[in-house]
Amino acid sequence: NGTGVDAVSGATFSSKALKDAVNDAAEQAGVTNKDAFTSNTVETKAQDPIEDTWDVVVVGGGGAGMAAAAQAAQNGDSVLVIEKNAEVGGNTLVSGGQYQSVMPYLVWDPSDPDATTGKGYDGNEYNKVKSVQGCIDELKTILNWSEEPFDEDYYKDHEYVAGDIEELSKHGVVADYLPTLQALKKEIQAYLDWAQPKLDAGTPESDLTLFSTVNLHIFQTYYGGLRQSADKSSWIYGDVDLVSQFIEDGQDLKPWLEDMGSTFVEDTQPTLIGALWYRENQFIGADVDTDGDGQKEEYKGRWGTYFVAPMTSFLNANDHNQIMTRTTAEELIQEDGRVSGVKATMYDGTEVTAHAKKGVVLATGGYAANIKKVVETNEYWDPEYLNEKTETTNRGSLQGDGITMAEAVGAATTGMGYTQLMPISWVDNGDLAFGGGDYAVYINPTTGKRFVDETSERDVLSLGEFRNGIEWNGHKGVFIEIANAATPIPGPYPYQDEDEDGRQYVRTIGELADLLKEEGFDTDVETIKATIEDYDQAIINGTQPADVSKKQFSALIGDCEKNDDGSYKADTYNLDDAKLRIRFLAPSTHHTMGGVAVDTKRHVLDADGKVIDGLYAAGEVTGGIHGGNRLGGNAITEIFVSGRTAANAITEDN
Ligand SMILES: Cc1cc2nc3c(=O)[nH]c(=O)nc-3n(C[C@H](O)[C@H](O)[C@H](O)COP(=O)(O)OP(=O)(O)OC[C@H]3O[C@@H](n4cnc5c(N)ncnc54)[C@H](O)[C@@H]3O)c2cc1C
């Protein structure tokens, strides 16, 4: 026994630390032959080849694969899931688990505009959520959006500034999205007819019910993903049918997961980094009878909601249903033009031939951990910013295997030049630091000033960081995020108010100078202080900060009491004594928007747009959905919807 293992299962990101700690302990305990202790001496021997048949073979046991397996089993199909890692989960397991989908019962309802509560899926009555300062201005921008065809020519002579919707709205809309825009304008007008008199009478925006509709979600996914290649030769945006389908069908996700035992926070619609609006849903876990003893066990968090619930549903449905872990799919079997199975190899070299009577679903995730592929395909980022040194938030198995296998049977790919960089990653290892931009300021370490609208899309934030951040501890684009320590970080954030070396510190503004000096920043703290005060005063007064304007403000950086209607008591404002959460962050690769081409049933398409018989794809392995930039929280919605859709298409096709 020793530490000669690839990783510690279930502790992916802390594996190295755990192995180091065990090595230290072994040394202290007097282990003399350290080489033997740390080397991988486990011998494996291939078993007899395995060959078997299922209705559906799913490649990849992340969220999309699990959703496909659960839906296929519910449709009566037998299912095999092949997973490369030692456990199911993929990136879905390490995700924040927040997914975008408006819950109509929590937002403004035109048929009952003054309602302050709504009935949830579980039959309980919930308070509707409030709007956030700035949302109405954004709605007004959309209301005035030009309905002319999108004027690409304008941007031949003018720089396209991603995220600047004031400007973009003057230059028309891609024709496919015009009907959505027109329907959305009607919805917004109805809301403003109700809201404007209240605002005029002095009601703060933060005391009105939030406006949020499926059309707003579709339209924001469109403009948040509309991007131009670096050489200005091409544009990209999400396919309107794929976007509409995942957002509309996303409305059924919560009840579907809840039916299998998942549990969610039912009464909030928060935002997260690069999400553009307030419509995130947060899981809690699942209550599921996994061992069949008639008693439900409680599973917490992502593991419960996204794995135990669908996994139990599919494993219990049929004795033949199975998950093969530590098994890498390598090749699709194609007979007479139809994909009919998968060849894979187990960790010990055992060969697996899995035949699929009805269909194969590729759900192998993206390739953001394959920096070579990311760099080779890049059409968007300046190589100075995205290169082989760039870190990733992803797990190591996300290499793009599914894309390679699909291409080998003639699949087309789309959007491969666009990789999302996560603007709030830890500098020490590239992992996601979690958070949102609506409650924080991002400070340029050189000038001490804000440099970007923190509620922008992720590519806008990352670009701003590269241009304004510094090189620190070998990483480019490092900036200082400051928020009030009492404002919680959404998602599974691991730290409270404690210091975490090189990552997070809790200080007052008076203590900031020493911290920055210790960490090697020579930022002028008086300028940071003036920046924060100007920012906070703008929020209190309902105006915009002098440096960079911002679309949504949900919290001050300093302390300030509030009135019952949510407005601030300006004379109680206090920055000097406020506990501030200070984080040092930088961009790293996060999501690959490109992937195999699919239709709305998630059939995989060839270069002529024809369906490759028997082959389906779901989740991040697919392209064409998020355009050149994915909105925060759209992935989880999409992967679960597309997994289910692929399974349903298999049923329809057979
Ligand atoms: C840290 C982090 C946080 C995130 N937070 C959010 C969030 O809060 N909200 C949101 O919407 N999105 C979030 N995302 C994005 C989202 O999690 C992913 O896009 C999504 O989980 C992808 O799901 P998937 O099922 O397509 O792929 P994955 O969940 O990555 O699963 C793919 C699986 O396929 C397996 N596999 C790969 N190749 C093979 C092979 N050859 N043979 C067998 N198996 C193979 C992999 O090991 C993996 O288990 C986050 C991503 C990360 C990395």
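Residues numbered from 1 in each chain as written. Predicted model: local features only at pLDDT ≥ 70, side-chain atom pairs only at ≥ 80, totals over all residues. Heavy atoms only, no water.

## Section: the side chain of Gln504
Residue position: Gln504 is located in strand S21 (residues 504-507). The residues touching Gln504, leaving out its near neighbours within four places in the chain, are Trp426, Tyr493, Tyr495, Gln496, Asp497, Glu498, Asp499, Arg581, Ile582 and Arg583. (Helix = DSSP H or I, 4+ residues; strand = E, 2+ residues; numbered from the N terminus. Contact = heavy atoms within 4.5 Å.)

## With respect to the packing of aromatic side chains
Aromatic ring pairs are reported here in terms of the distance separating the ring centres and the angle at which the planes meet. According to the stated counting rule, one finds 37 aromatic pairs in the structure shown. Taking 5.9 Å as the distance between ring centres and 45 degrees as the angle between the ring planes, the aromatic pair formed by Tyr105 and Tyr126 counts as tilted. Residue Tyr105 is located in the loop between strand S3 (99-100) and strand S4 (117-119), and its partner Tyr126 is located in strand S5 (residues 125-127); the two are separated by 21 residues in the primary sequence. For Tyr105, a relative accessible area of 7% gives the class buried. Relative to Tyr495, the ring of Tyr493 has its centre 5.5 Å away and its plane inclined at 85 degrees; by these criteria the two rings are edge-to-face. Taken together, the aromatic side chains of Trp145, Tyr177, Phe219, Tyr222, Tyr223 and Tyr237 make up a single cluster linked through ring pairs. (Phe/Tyr/Trp six-rings, centres within 6.5 Å; stacked < 30°, edge-to-face > 60°. Buried < 20%, exposed > 50% of the residue type's maximum accessible area, 1.4 Å probe, protein only.)

## Considerations on the pairing of strand S25 (residues 611-617)
Across the seven residues of S25, five count as buried, placing the element largely inside the fold. Sheet topology places strand S15 (residues 351-362) next to S25; three bridges connect them, and they run parallel. Of the residues in S25, the one forming a bridge with Val361 is Tyr616. For strand S24 (residues 603-605) and S25, the ladder comprises two bridges, and the chain directions are antiparallel. Across the sheet, the residue bridging to Leu605 is Val611, located in S25. Counting the residues that bridge the hairpin from S24 to S25 gives five residues, and of these Gly609 lies at a positive phi of roughly 80 degrees. (Pairing = 2+ DSSP bridges.)

## Remarks on empty space enclosed by the protein
A probe matching the size of a water molecule, rolled over the atoms, marks out where space remains unfilled. Applying the stated criterion to the full structure yields one cavity of 30 Å³ or more. By volume, the largest cavity is sized at about 50 Å³. As for the largest cavity, its lining consists of Thr271, Leu272, Ile273, Gly274, Leu276, Trp277, Gly437, Asp438, Glu454, Thr455 and Gln552. Here the lining of the largest cavity is composed, by residue class, of four nonpolar, five polar and two charged. Taken domain by domain, the lining of the largest cavity gets at least three of its residues from each of domain 1 (50-98 + 269-365 + 400-417 + 593-653) and domain 3 (419-588). (1 Å grid on protein atoms, 1.4 Å probe; cavity = no way out; pocket = protein on both sides within 12 Å on 5 of 7 lines; lining within 4 Å. Points joined across faces, edges and corners; volume = space filled by probe spheres on them. Nonpolar A, V, L, I, M, F, W, Y, C, P; charged D, E, K, R; others polar. Domains from an automatic or database assignment.)

## Overview of the domain arrangement of the chain
Domain boundaries assigned for the chain yield domain 1 (50-98 + 269-365 + 400-417 + 593-653), domain 2 (102-250) and domain 3 (419-588). When each unit is reduced to the centre of its C-alpha atoms, the spacing between domain 1 and domain 2 is 30 Å. Every contact between the two is made by 24 residues of domain 1 and, on the other side, 31 residues of domain 2. Approximately 2,300 Å² of surface area, both sides summed, lies buried where domain 1 meets domain 2, with 65% of it carried by carbon and sulfur atoms. When the area that domain 1 buries against domain 2 is broken down by residue, the three leading residues are Gln269, Trp277 and Arg279, summing to 30%. Taken together, domain 1 and domain 2 are joined by zero salt bridges. Taken together, the links from domain 1 to domain 2 amount to 10 residue pairs in polar contact (both at pLDDT 80 or more). Looking at the side of domain 1 that touches domain 2 element by element, the count peaks at five residues for helix H18 (residues 634-653). A breakdown of the residues in the side of domain 1 that touches domain 2 according to their chemical character gives seven nonpolar, 13 polar and four charged. (Buried area = accessible area lost by both parts, 1.4 Å probe. Salt bridge = Lys/Arg side-chain N within 4 Å of Asp/Glu carboxyl O. Polar contact = N/O pair within 3.5 Å; in protein donor to acceptor, adjacent residues only side chain to side chain.)

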